[in-house]
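Report on the structure
The chain contents come next:
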Amino acid sequence: MGLLCEDSTDEIIARAYTGVWPLLASDAAVIGAAVAGALAVRSVTAVQTERMRAA
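Residues numbered from 1 in each chain as written. Predicted model: local features only at pLDDT ≥ 70, side-chain atom pairs only at ≥ 80, totals over all residues. Heavy atoms only, no water.

Digging into the pattern of salt bridges
Selection criterion: A carboxyl oxygen of Asp or Glu within 4 Å of a side-chain nitrogen of Lys or Arg is what we treat as a salt bridge. The buried label goes to any residue with under 20% of its type's maximum accessible area, the exposed label to any with over 50%, and the partly exposed label to all in between, with areas taken from a 1.4 Å probe on protein chains only.
Following the criterion strictly, the structure yields one salt bridge and no others. Note that Asp7 is salt-bridged to Arg15, the shortest N-O span being 2.6 Å. Judged by its relative accessible area of 32%, Asp7 falls in the partly exposed class. Among the residues examined, Arg15 registers a relative accessible area of 33% and is labelled partly exposed.

Re a nonpolar patch on the surface
Keep this limit in mind: Excluding any residue in a salt bridge, patches collect residues exceeding 30% relative accessible area, merging like charges within 9 Å and nonpolar Val, Leu, Ile, Met, Phe, Trp and Tyr side chains within 5 Å. The protein chains shown are the only cover counted for residues, whose accessible areas, like all others here, come from Shrake-Rupley with a 1.4 Å probe. What counts as a helix is a DSSP run of H or I of at least four residues, what counts as a strand is a run of E of at least two, and both are numbered from the N terminus.
A cluster of nonpolar residues, Val20, Trp21, Leu23 and Leu24, forms a patch on the protein surface that exposes about 430 Å² of accessible area. Among the structural elements, Trp21 can be located in helix H2 (residues 20–54). Residue classification places Trp21 among the exposed residues on the basis of a relative accessible area of 66%.

What is shown is where atoms sit, not what they do.
Dropping the structure here:
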């Protein structure tokens, strides 16, 4: 399985539409990591802003 495969077009399309749950799970994991990163940046920025105002 790679860029150069011997499968027919129908087999490639069938493979793309079967076993979709692992793909959805990995997409959910990536989205979750992105949201967690955004929240972490927001929290750090809020704390830095608060400390700068207090100084």
